[in-house]
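Structure assessment
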Amino acid sequence: HHNALSSDFYLRIAPELYLKRLVVGGFDRVYEINRNFRNEGISTRHNPEFTMLEMYMAHHDYHFIMGFVEDMIKVMVKNVVGTMEVPFGEMTIDFAKPFKRISIKDSVMEYGHYSEKDISPEFIDMRLKEHNITLANKNASWGEKIYALFEKIVEHRLINPTFVTEFPIEVSPLAKRDEKNPNFAARFELFIAGMEISNGFNELNDPDDQKNRFLDQLKEKDAGNVEACDFDADYIRALEYGLPPTAGEGIGIDRFVMLLTGSLTIRDVILFPQLRDE
């Protein structure tokens, strides 16, 4: 079937669109511990090949998943490390307390010491200038701008486990809109030791909305965004059969193992890291 060649022989960046097809097919809870491949360079926290736990639960939302992930992590830390205060380099991470939950906007206000007015659409460009942030997209929305500020001034300072919520819809191409606030995605990310460990959301199950988001992603791709996703017509067809309300999430296993073992670089937890030729 020659059409399959165009999509099926790429190394996958995530099992997401496959696992959600299973939920469409009637598997209410699915998970996979998998290998993914993303060409995002190599750093102390990135390896082009990495391991992820990804799971989906039908008839649940991202608030339920946040609680589930928090409980799961606490159980793992207790069983693997034996203490809820885990040293990581100069830091000590406290897994005992309830994980903090904060919106992107509130976190930018808290860590940037900004008022609501400081980061309003009217003044946010001044904030970007203060932090020397230039966006590739010249017509960036307020959501993209607040997210850029979050990446620059907040992310690396989230040491104790913190769930960040209220992601702009523009940076969440597969997530459902929040019913209370349609400019935001029903989505969270969990940060520990300044690293993103987990990403979860209510899955987008409207085929028309998904089609438009894929088309927007293609525009992003043409504009040079390497992280934009491809158009997947077969997945749109699966959504037309019907995906129940579903929440899902992924946990970066390599990064989580870094935390549990006090390894400051991802190479130390990968069996065959990328190496230069001898």
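Residues numbered from 1 in each chain as written. Predicted model: local features only at pLDDT ≥ 70, side-chain atom pairs only at ≥ 80, totals over all residues. Heavy atoms only, no water.

1. Points about the overall build of the protein chain
- Counting its secondary structure elements, the protein chain contains 9 helices and 9 strands.
- Since a compact globule built from 278 residues should have a radius of gyration of about 19 Å, the 19 Å found for the protein chain is in line with a globular shape.
- If you line up the protein chain on its principal axes, its C-alpha atoms span 55 × 50 × 45 Å.
- A buried classification covers 46% of the 278 residues belonging to the protein chain.
- When the accessible surface of the protein chain is totalled, it reaches about 15,400 Å², and 53% of it is carbon and sulfur.
- The distance from the centre of the 32 positive side-chain charges to the centre of the 46 negative ones in the protein chain is 2 Å. (Helix = DSSP H or I, 4+ residues; strand = E, 2+ residues; numbered from the N terminus. Rg over C-alpha atoms; globule rule 2.2 N^0.38 Å. Buried < 20%, exposed > 50% of the residue type's maximum accessible area, 1.4 Å probe, protein only. Areas by Shrake-Rupley, 256 points an atom, 1.4 Å probe, with all protein chains shown as cover. Lys, Arg positive; Asp, Glu negative; His and termini not counted. Charge placed at Lys NZ, Arg CZ, Asp CG, Glu CD.)

2. Some thoughts on the pattern of salt bridges
- Overall, the coordinates contain 18 salt bridges when judged by the stated rule.
- Close ionic contact of Asp94 with Lys97 constitutes a salt bridge, the shortest N to O distance being 3.1 Å.
- What makes Asp94 buried here is its relative accessible area of 15%.
- Take Lys97: its relative accessible area is 46%, and that puts it in the partly exposed class.
- Here Asp234 ties to Arg237 by a salt bridge, and the two come within 2.6 Å at their closest N and O atoms. Taken together, the residues Asp234 and Arg237, both in helix 8 (residues 233-241) and 3 residues apart, mark about one turn of the helix.
- In the salt-bridge network here, residues are joined through shared partners; they are Arg21, Asp232, Asp234 and Arg237. (Salt bridge = Lys/Arg side-chain N within 4 Å of Asp/Glu carboxyl O.)

3. A look at unusual backbone geometry
- One non-glycine residue, Glu166, adopts positive backbone phi at about 60°.
- Tracing the backbone through its elements, the reader meets Glu166 in strand 6 (residues 162-168).
- Taking the relative accessible area as the measure of exposure, Glu166 reaches 34% and is therefore partly exposed.
- Of note, Ala193 is a non-glycine position whose phi angle comes to about 55°, a positive value.
- With respect to the helices and strands, the residue Ala193 is situated in the loop between strand 7 (184-192) and strand 8 (195-202).

4. Section: helix 8
- Buried within helix 8 are the following residues: Tyr235, Ile236, Ala238 and Leu239. Each buried residue of helix 8 sits inside an arc of 155° when the element is viewed along its axis, so together they form one side. Away from the buried face of helix 8 by more than 90 degrees, exposed residues Ala233, Glu240 and Tyr241 are located.
- Against the buried residues of helix 8 lie helix 2 (16-24) and helix 7 (207-222). (Arc of directions from axis to C-beta. Contact = heavy atoms within 4.5 Å.)

5. Quick word on the sheet that holds strand 2 (residues 49-58)
- Read from one edge of the open sheet, 7 strands run 1-2-9-8-7-6-5, paired in mixed fashion. Since the sheet does not close on itself, it has two edges, and those belong to strand 1 (29-37) and strand 5 (100-103), each with one partner. The average undirected angle you get between the axes of adjacent strands in this sheet is 20°.
- With 6 bridges connecting them, strand 6 and strand 7 associate as antiparallel partners. Along strand 7, the bridge assignment pairs Thr162 with Phe191.
- Each of strand 5 and strand 6 touches helix 4 (residues 104-112); the most contacted strand, strand 5, lies at about 95° to it.
- Relative to strand 6, helix 6 (residues 142-154) is tilted by about 155°, and along the sheet it contacts strand 6 and strand 7. (Pairing = 2+ DSSP bridges. Axes fitted to C-alpha atoms, helices over the stretch in contact; angles between N-to-C directions.)

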